[in-house]
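# Secondary and tertiary structure notes
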Amino acid sequence: MAIERADPDPVRSEQPAVVQSLPGPYVRSRRRSRSLGDRIFEGVTTGFGMIILLIVVAMVVALGWEAWPAIRRFGLGFLTGREWNYVDQFGALPYVWGTVYSSFLALAMALPISLGVAIFLAEMAPLPVRTVLSFLVELLAAIPSVVYGLWGMFVLVPLVRQLELWLFLHAHFIPLFSGPPIGFGMLSAATVLAIMIIPTIASVSRDVLLAVPASQREAALALGATRWEAIKVALSNAVPGIIGATLLGLGRALGETMAVTMVIGNIGSISISLFQPAYSMAALIANEFSEATTNLHVAALIEVGLLLLMVTLVLNLFSRLLVRRVAITGAGSHVKG
Amino acid sequence: MKDVSVFTPAGRLLSSGLVSAVYRRRRLMDLLMTGLAGLAVLVAVVPLFSILISVAIRGLSALNLDFFTKMPVPIGETGGGVLNAIVGSGILVGLGTLIGLPIGLLSAIYLAEYGRGRLADTIRLFTEVMSGVPSIVVGIFAYAIVVRPLHHFSALAGGVALGILMIPVVTRTAEEMIRMVPQSLREAGLALGLPRWRVTVSIVLPSAASGIVTGAMLAVARIAGETAPLLFTALNNAFFSTSLLRPIASLPVQIYTYATSPYEELHRIAWGAVFVLVMMVLITNLLTRLAVRSGYEMKR
């Protein structure tokens, strides 16, 4: 135990301490003098690491290959077509709309709440409270989406239906609140999605805020700032990371399948109304894939999946790079300060 | 201090009431924002408690011995269980673990012990990106590489889908756990003349074992609840099956089919199955929390 404590900070140190503490010759001759076992072990583990790269690439290739008949047949018209007749016409616009609209509604609901949670966890809560709340937020992220779906169907939708009925009676002249107040539809889907992406956005934003050096807040406080003003200073430094967290949440919402399928109503429609039953890309795949019979139908469904894959890949890459930037600059200036 | 300050410019400004009004507004803003952040936390955890409570109330009443030991009964009859789905889930998750755990663990060893430079950074980035790929897309991938060549839906395809989903979860947690092992332990091993791979296998991995195991349990809990990738790989099966080459039932898919059916009795069983899933998630998360905490203590 004493030996372990003597170690300064094993996780943070970039180079293993072995290399740092041993004299030069060891480092220089390391490559040549390594035993056969070492080289095999490193080779095997590296190979397994590369499987991860391979899988991601293979995913894009395989889906592109399988979707090719539909891509060749419809081209860009796939994205603008509204007819999906199971035989020779496959236009994905209503489903793209359902996915995009529900995800952005969810983002609009989840973003302020997630930021509040992140700020509370990173800047305000005392440690024991932070530990408990972090656990609860993690739990929210770990609950399977089919559980959200079941809860959505039997607990949330009846509540949403009440709200919709009331709004319908008092405010149906507003386009957002027109449409059938049946509960199943855009509003329920967006609400479930919002609940599901809050943990993602909140926990990444919290990590980003924690990566902003404390010296910045301390400087603000020393100048007589209130706590909120000091937090604002930290927030302004965390903006790229928070954007990254938001994109991550968006990616999650776009690809979410079960919970949406169970509450969105599954009727392809393009409407601004919150009450309108709609259909999302992922829900379409979930409902039709196992029963698709013609090759073109399967290819069209896979093309929908390919679209989801490409969008989420780009969103994830972009957001991870943004989050990393904050983490790196944050950690760097922390060491200097 | 107070009587002196009136004679200084700043003091006069303060006592003029102008600054104090500004200050009061700033204080108010501070309070307001603290309140709003607290409110946000409240709003975020209310659904969690709503889910936990409704699952506990509706799920617990559906559970009995028959639930775990009997096959589903025809619609219209009450009682029966989901034995085939429980066994199916066990097989699918076992298969997924068999595929996902070795790949995840070995790549984590690479990242933690050798992972510097561009290749490692790329793999780390791809691991993160991979965990953001929608699970239904992973299902399509498994369909393309397993169902297509074999020409029929199978438990094997479902297992492959779950295995792929498991990889990034295992890699990330295991890398973290391996990095937590104190550097001094590695140095001690090297000082005794062990080659690096022996240090990793005989010293580092056993030290990180409890963390890795709980991380793996977390990953198992995650894939056990996955539904979307199974819909068109493992499909579903109304009968008892343990064959890897035939469609197989699973708890999450059973929950979905039961929930979307119009029968009260099936809804009841769906809630029971959800209770089982949620308890699993709850317990593994608690255990992971404890393991991570003891890991940090080891670090200190």
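Residues numbered from 1 in each chain as written. Chains lettered and ligands numbered in written order. Predicted model: local features only at pLDDT ≥ 70, side-chain atom pairs only at ≥ 80, totals over all residues. Heavy atoms only, no water.

## Points about the overall build of chain B
Scanning chain B for helices and strands turns up 12 helices and 0 strands. For chain B, the α and β elements follow one another from N to C terminus as α-α-α-α-α-α-α-α-α-α-α-α. Every one of the 300 residues in chain B was classed for burial, and the buried ones make up 51%. The contacts in chain B between residues at least 6 apart in sequence include a share of 71% that link residues at least 24 apart. By element, 70% of the accessible surface of chain B is carried by carbon and sulfur atoms, the whole surface being about 13,300 Å². (Helix = DSSP H or I, 4+ residues; strand = E, 2+ residues; numbered from the N terminus. Buried < 20%, exposed > 50% of the residue type's maximum accessible area, 1.4 Å probe, protein only. Contact = heavy atoms within 4.5 Å. Areas by Shrake-Rupley, 256 points an atom, 1.4 Å probe, with all protein chains shown as cover.)

## A look at the overall build of chain A
In terms of helices and strands, chain A carries 14 helices and 0 strands. Moving toward the C terminus, one meets the helices and strands of chain A in the order α-α-α-α-α-α-α-α-α-α-α-α-α-α. Residues counted as buried form 53% of the 337 residues belonging to chain A. Considering only contacts within chain A whose residues lie at least 6 apart along the sequence, 74% involve residues at least 24 apart.

## Regarding the nonpolar core
Counting residues in each nonpolar core, the largest one holds 195 residues, and the members touching the most others are W84, V117, Y148 and F289 of chain A together with I136 and F232 of chain B. There are two domains that each give this core at least three residues, and those are domain 1 (2-60) and domain 2 (65-299) of chain B. Beyond its immediate sequence surroundings of up to four residues, F232 of chain B is in contact with I285, F289 and S290 of chain A together with I136, G139, I140, Y143, V147 and F153 of chain B. (Core = buried A, V, L, I, M, F, W, Y, C linked by side-chain atoms within 4.5 Å. Domains from an automatic or database assignment.)

## Digging into the interface of chain B and chain A
On the side of chain A, 92 residues touch chain B, which itself brings 95 residues to the contact. Summing the contributions of chain B and of chain A, the shared interface buries around 8,500 Å²; its carbon and sulfur component is 75%. Between chain B and chain A we count 4 salt bridges in total. For E138 of chain A, the salt bridge is made with R289 of chain B, and the minimal N-O distance between the two is 2.9 Å. Our enumeration of links across chain B and chain A arrives at 11 residue pairs in polar contact (both at pLDDT 80 or more). Considering each element in turn, the side of chain B that touches chain A owes the most residues, 20 residues, to helix α3 (residues 18-60) of chain B. Of the residues that constitute the side of chain B that touches chain A, the class distribution is 61 nonpolar, 18 polar and 16 charged. (Buried area = accessible area lost by both parts, 1.4 Å probe. Salt bridge = Lys/Arg side-chain N within 4 Å of Asp/Glu carboxyl O. Polar contact = N/O pair within 3.5 Å; in protein donor to acceptor, adjacent residues only side chain to side chain. Nonpolar A, V, L, I, M, F, W, Y, C, P; charged D, E, K, R; others polar.)

## Details of the packing of aromatic side chains
Residues and elements named next belong to chain A. What the rule picks out here adds up to 14 aromatic pairs over all chains. Measuring from centroid to centroid gives 4.9 Å for W84 and F90, while their planes differ by 80°, and the two rings are edge-to-face. A ring pair is formed by W97 and Y101, whose centres lie 4.7 Å apart and whose planes are at 20°; its orientation type is stacked. Within this pair, W97 and its partner Y101 are both found in helix α6 (residues 93-124), separated by 4 residues, close to a single helical turn. Overall, Y101 belongs to the buried group, its relative accessible area being 11%. (Phe/Tyr/Trp six-rings, centres within 6.5 Å; stacked < 30°, edge-to-face > 60°.)

## Regarding unusual backbone geometry
One non-glycine residue with positive phi stands out, namely Y86 of chain A, at about 70°. On the basis of relative accessible area, Y86 of chain A is assigned to the partly exposed category, the value being 44%. Notably, L235 of chain B is not glycine yet its phi reads approximately 55°, a positive angle. What makes L235 of chain B partly exposed here is its relative accessible area of 23%.

## Details of the pattern of salt bridges
Any two side chains of opposite charge can pair, on the condition that their charged atoms come close. Residue and element names in this part refer to chain B. Enumeration over the complete set of coordinates arrives at 13 salt bridges over all chains. Residues R124 and E175 are paired through a salt bridge, measuring 3.1 Å at the closest nitrogen-oxygen approach. Here R124 is found in helix α6 (residues 118-131), whereas its partner E175 is found in helix α8 (residues 155-180), with 51 residues between them in sequence. Using a relative accessible area of 18% as the deciding quantity, one classes R124 as buried.

## Some thoughts on the environment of L139 of chain A
Note on placement: L139 of chain A falls in helix α7 (residues 127-142). For the pair L139 of chain A and P199 of chain A, spaced 60 residues apart in the sequence, the C-alpha separation amounts to 8.6 Å.

## Thoughts on the packing of helix α4 (residues 36-74) of chain A against α8 of chain B
At a minimum axis separation of 11 Å, α4 of chain A and α8 of chain B run at an interaxial angle of 145°. Along this stretch, α4 of chain A crosses α8 of chain B, giving a crossing that reads as left-handed. When α4 of chain A is examined against α8 of chain B, the residues I52, I55 and M59 of chain A are found in contact with a partner set consisting of I164, I167 and T171 of chain B. Broken down by class, the residue content of the contact of α4 of chain A with α8 of chain B amounts to 5 nonpolar, 1 polar and no charged. (Axes fitted to C-alpha atoms, helices over the stretch in contact; angles between N-to-C directions. Left-handed = near helix turned anticlockwise from the far one by under 90°.)

## So, the packing of α6 of chain A against helix α11 (residues 227-255) of chain A
Residues and elements named next belong to chain A. Packing of α6 against α11 brings their axes to within 9 Å, and their N-to-C directions diverge by 145°. Crossing angle aside, the handedness with which α6 passes α11 is right-handed. Facing T99, S103, F104, L107, L111, L115, I119, E123 and M124 of α6, the residues of α11 in contact are R227, W228, I231, A234, L235, I242, T246, L250, A253 and L254. Among the residues making up the contact of α6 with α11, the classes are represented as 14 nonpolar, 3 polar and 2 charged.

## Regarding helix α13 (residues 281-288) of chain A
The buried count for α13 of chain A comes to 7 of 8 residues, which makes it a mostly enclosed element. Within α13 of chain A, the full set of buried residues consists of M281, A282, A283, L284, I285, A286 and E288 of chain A.

## Here we look at helix α7 (residues 135-150) of chain B
Residue and element names in this part refer to chain B. In this model, α7 (16 residues) spans 22 Å end to end at C-alpha, consistent with the 22 Å of a helix rising 1.5 Å per residue. Burial analysis of α7 places 12 of its 16 residues in the buried class, which makes it a mostly covered element. Residues of α7 that are buried include every one of S135, I136, V137, V138, G139, I140, F141, A142, Y143, A144, V146 and V147, and no others. Remark: H151 follows α7 within two positions and exhibits a positive phi of approximately 70°. (Expected span 1.5 Å × (residues − 1).)

## Comments concerning the confidence of the model for chain A
Residue and element names in this part refer to chain A. On average, residues of chain A carry a pLDDT of 87, and 87% of them reach 70 or more. Of all secondary-structure elements in chain A, the lowest mean pLDDT belongs to helix α1 (residues 2-6), at 38, while helix α12 (residues 258-263) reaches the highest, 97. Confidence drops under a pLDDT of 50 for residues 1-30, and excluding neighbours within four residues, the segment shows 31 contacts in the predicted structure. When the criterion is pLDDT under 50, residues 331-337 qualifies, and its contacts beyond four places in sequence or with other chains add up to 4 contacts. (pLDDT = per-residue confidence, 0-100.)

## Quick word on a nonpolar patch on the surface
On the surface, a nonpolar cluster with roughly 630 Å² of combined accessible area is contributed by M29, L32, L36, L39, L42, V43 and V46 of chain B. Relative to the assigned elements, L32 of chain B resides in helix α3. (Patch = residues over 30% accessible without salt bridge, like charges linked within 9 Å, V, L, I, M, F, W, Y side chains within 5 Å.)

## Description of the side chain of R206 of chain A
By secondary structure assignment, the location of R206 of chain A is in helix α9 (residues 186-211). Non-local contacts of R206 of chain A, meaning those with residues more than four positions away in its chain, are made with A118, L121, A122 and S134 of chain A.

## Concerning the environment of M153 of chain A
With respect to the helices, strands and loops of the structure, M153 of chain A is situated in helix α8 (residues 145-171). Judged by relative accessible area, which is 13%, M153 of chain A ranks as buried. The contact partners of M153 of chain A, leaving out residues within four places of it in the chain, are P158, F184, M262 and V263 of chain A together with A259 and T260 of chain B.

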